[in-house]
Amino acid sequence: MENKKITGAEAFMRCLVSEGVDTIFGYPGGAIMPVFDALYDFDKHINHILTRHEQGATHAAQGYARVSGKVGVCLVTSGPAATNAITGIGDALMDSTPLVVITGQVGAALLGSDAFQEIDVVGITQPITKWAYQIRRAEDIAWAVARAFYIARSGRPGPVVLDFAKNAQFQEIEFEYKPCTFIRSYLPIPEVNPEQIELAAEIINQAKKPFALVGQGVVLSNAEEELKVFLEKADIPAASTLLGLSAMSSDFRLNKGFLGMHGNVGPNMKTNECDVLIAIGMRFDDRVTGDLKTYAKQAKIIHLDIDASEIGKNVKPDAPVLGSAKETLPALTAKLNSAKHTEWIASFEEYEKLEFEKVIRREVHPETGEITMGEVIRKVSEATFNNAVIVTDVGQNQMLAARYSKYSQTRSLITSGGLGTMGFGLPAAIGAKMGAPERTVCTFCGDGGFQMTIQELGTIMQEQIGVKMIILNNHFLGMVRQWQEMFFDERYSFTEMQNPDFIAIAKAYRIDGTEVHKREELDAAIVDMLKDDKPYLLVVNVEKKGMVFPMVPAGACVTNILLGD
């Protein structure tokens, strides 16, 4: 572009175009108004989605990033707008989601004066970002934006905050943009150490009962095919963390399911039976490990991760392999002997049969009684031919959606893992649909979480975003109630909910929907929901006191797994 003087606000928009940004989620206000004014002239390049709350903007940007693999961008003003965005920023850090969040700020001359809607955004967000920077001069805009996108998307992805002083938005500069490809002292992708690869390969080649734990790092590094080749060559069964679930298709023969507190019985039991445990792009979260003192003590541990701070943080590995899974998996595969572990893989079957009889049959195939969450989720998954993007809120709906959806392609489960943010589901589904408009996007929410960001129905109405919303309505804060029932003597302290007429609310937002009370109504309602690409709300009244099993109690050994009655 020609070197004539333009405002900082226009320069900022040109920076976003140079970075390939096509979608922004945001909410205007005084301190960011010059940028929104510049955005008015960039509508052919960038689609701005007006959310109804800044938290909704951040979660929508997360959903967009997670499904598309691009950096999610949101644009908000100063003060309360910035603080409203904090939850989404923290969520993105915990779940390694690449975000660039731009907040407006008072002019540089007013900083520190307690001016109207001034708050120390950088000070607040530094602990929950990869980088937080305040732009005080227009001359720094291009440098800061280039650096922000590079940091957000590179290495282990995460959120970056740019706090944009209003004076810098008005100042005029000659514009030139150079993408950032290197920052001294920041090495996002560590160099692979051949000795670590050799050691890990030697351990795997000697294994009789190897077991792989697949995390979101496989998805973030686009290493799904490399994972499959690795597992098949050495004939290694694998299970996934919550965020890693769609890295392998559900019907892949070596995929043994879901790890952790509400995961499948086999993967949890086999964690303490295997002789080699291979963790790939996962962080040994407490919901996966349970009691660390009893976790996989019989096994040699191999840990592949891009982030050196995660290796040895919770579980000390015998073979640490630092680097991107995209590089380390092929390097490791090349050193492996072809193997067969037929008996070891077959040993998972007894646990699969046990879980089906004790848990899955009742949850997914009930013949009498109230509708269960699991049967709704499985029916929706099957009706979409297991090709939908599944977005969840947090709670029982989340765990059951993870368990009973099936996945045929990667980036198909979008959920709040590390932070566990209620209210995530609805706005994240908006972002997911914008990031993958050709795919069916279904969000499962509880009646509690849905009401935390229910205002985003306005965003769906205005933009006609074809999200399929399913409320699993049990009139309780279901997961808290489950814990109260199991661990607090059934003292249901403030978990029962009196809910509104959700369908009437959707109608007020000009969104079609229906409510299901009886099992025989369910199939037709799902067909009606999926018949076109318009937004739709399906409310299903499910059993009030349903439970999520299996369950490893918090802090217990992973083999201390409860199956219910």
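Everything discussed here concerns the structure shown above.
J.: Would you take a moment to explain the overall build of the protein chain for this structure?
T.: In terms of helices and strands, the protein chain carries 24 helices and 20 strands. Scaling as 2.2 N^0.38, a compact globule of 565 residues should have a C-alpha radius of gyration of about 24 Å, and the protein chain matches this with 24 Å. Across its three principal axes, the protein chain shows a C-alpha extent of roughly 70 × 60 × 40 Å. In the protein chain, which comprises 565 residues, the share counted as buried stands at 60%. Restricting the contact set of the protein chain to residue pairs at least 6 apart, pairs at least 24 apart contribute 77%. Accessible surface for the protein chain amounts to roughly 22,900 Å². Of this, 50% is attributable to carbon and sulfur atoms. Between the averaged position of the 55 positive side-chain charges in the protein chain and that of its 70 negative side-chain charges there is a distance of 2 Å.

J.: Can you help me understand the sheet that holds strand 11 (residues 255–258) in this one?
T.: Within a sheet, each strand pairs with its neighbour through backbone hydrogen bonds, oriented either parallel or antiparallel. Spatially, the six strands line up as an open sheet ordered 11-10-9-12-13-14, and their pairing is parallel. Looking at the sheet topology across the chains shown, the edges are occupied by strand 11 and strand 14 (319–322). Between one strand axis and the next, the sheet turns by 15° as a mean value, whatever way the strands run. Across four bridges, strand 13 (residues 300–305) lies against strand 14 in parallel orientation.

J.: I keep staring at the pairing of strand 12 (residues 276–280) and nothing clicks. Help me out?
T.: Remark: a regular strand shows side chains that alternate across the two faces of the sheet. Burial analysis of strand 12 places five of its five residues in the buried class, which makes it a mostly covered element. The alternating pattern of strand 12 places V276, I278 and I280 and L277 and A279 on opposite faces, both of which are buried. Sheet analysis places strand 9 (residues 210–214) next to strand 12, joined by five bridges and oriented parallel. Counted as the bridge partner of A212 is I278 from strand 12. Two strands pair when backbone bridges link them, and strand 12 and strand 13 are joined in this way by five bridges, in the parallel orientation. The residue of strand 13 that forms the bridge with I278 is I302.

J.: When you look at the nonpolar core in this model, what are you seeing that I'm missing?
T.: One recurring pattern in soluble globular proteins: nonpolar side chains tend to sit buried together. V376, I470, L538 and V540 are the most contacted members of the largest nonpolar core, which has 46 residues in total. Put simply, the parts of the chain that give this core at least two residues each are helix 12 (265–271), helix 16 (349–364), helix 17 (373–383), helix 18 (396–404), strand 17 (441–446), strand 18 (467–473), helix 24 (519–529) and strand 20 (536–541). Residue-level mapping places this core at the junction of two domains, with at least three residues from each of domain 2 (194–349) and domain 3 (370–541). Beyond its immediate sequence surroundings of up to four residues, L538 is in contact with M469, I470, I471, T514, V516, A525, I526 and M529. By size, the runner-up hydrophobic cluster in this structure holds 43 residues, among which are I6, F36, V73 and I102.

J.: What should I look at first to understand the side chain of T271 in this one?
T.: The topology assignment puts T271 in helix 12. In this structure T271 comes out as buried when scored by relative accessible area, which is 2%. Polar contacts involving the side chain of T271 include one to the main-chain carbonyl oxygen of P267, which spans 2.7 Å. Excluding residues that lie within four positions of it along the chain, T271 makes contacts with F211, L259, L277, Y295, A296, Q298 and V558.

J.: Mind showing me how you'd approach the layout of surface pockets here?
T.: Over the atoms a probe the size of a water molecule is rolled, and this reveals where empty space is left. The space that makes up the second largest pocket amounts to roughly 690 Å³. As for the second largest pocket, its lining consists of 30 residues, of which S250, N255, G257, N264 and K406 are closest to the centre. Considering only residue class, the lining of the second largest pocket consists of eleven nonpolar, eleven polar and eight charged. Viewed by domain, the lining of the second largest pocket spans two of them, domain 2 (194–349) and domain 3 (370–541), each represented by three or more residues.

J.: Could you clarify how one ought to interpret the packing of aromatic side chains in this entry?
T.: In this description, an aromatic ring pair is defined by two values, namely the gap between the centres and the angle between the planes. Applying the stated rule across the entire model yields 13 aromatic pairs. Their ring planes at 90° and their centres at 5.9 Å tell us that F450 and F502 sit as a pair that is edge-to-face. One end of the pair, F450, is in helix 20 (residues 447–452); the other, F502, is in helix 23 (residues 502–508), and 52 residues separate them in sequence. Residue F450 is classed as buried on the basis of its relative accessible area of 1%. In this structure F502 comes out as buried when scored by relative accessible area, which is 3%. Ring centres 5.4 Å apart and planes at 75° place the aromatic pair W483 and F487 in the edge-to-face group. Of this pair, W483 and F487 both sit in helix 22 (residues 478–487), four residues apart, which is roughly one turn of that helix. Its relative accessible area of 37% is what places F487 among the partly exposed residues.

J.: I keep staring at unusual backbone geometry and nothing clicks. Help me out?
T.: Working note: non-glycine residues mostly have negative phi, and peptide bonds are mostly trans. Looking along the chain, the bond that leaves F549 and enters P550 is cis, with omega of 0°. Located in the positive-phi region is F385, a residue other than glycine, with phi close to 55°. Structurally, F385 can be placed in the loop between helix 17 and strand 15 (389–392). For F385, a relative accessible area of 66% translates into the label exposed.

Conventions adopted
Residues numbered from 1 in each chain as written. Predicted model: local features only at pLDDT ≥ 70, side-chain atom pairs only at ≥ 80, totals over all residues. Heavy atoms only, no water. Helix = DSSP H or I, 4+ residues; strand = E, 2+ residues; numbered from the N terminus. Rg over C-alpha atoms; globule rule 2.2 N^0.38 Å. Buried < 20%, exposed > 50% of the residue type's maximum accessible area, 1.4 Å probe, protein only. Contact = heavy atoms within 4.5 Å. Areas by Shrake-Rupley, 256 points an atom, 1.4 Å probe, with all protein chains shown as cover. Lys, Arg positive; Asp, Glu negative; His and termini not counted. Charge placed at Lys NZ, Arg CZ, Asp CG, Glu CD. Pairing = 2+ DSSP bridges. Axes fitted to C-alpha atoms, helices over the stretch in contact; angles between N-to-C directions. Core = buried A, V, L, I, M, F, W, Y, C linked by side-chain atoms within 4.5 Å. Domains from an automatic or database assignment. Polar contact = N/O pair within 3.5 Å; in protein donor to acceptor, adjacent residues only side chain to side chain. 1 Å grid on protein atoms, 1.4 Å probe; cavity = no way out; pocket = protein on both sides within 12 Å on 5 of 7 lines; lining within 4 Å. Points joined across faces, edges and corners; volume = space filled by probe spheres on them. Nonpolar A, V, L, I, M, F, W, Y, C, P; charged D, E, K, R; others polar. Phe/Tyr/Trp six-rings, centres within 6.5 Å; stacked < 30°, edge-to-face > 60°.

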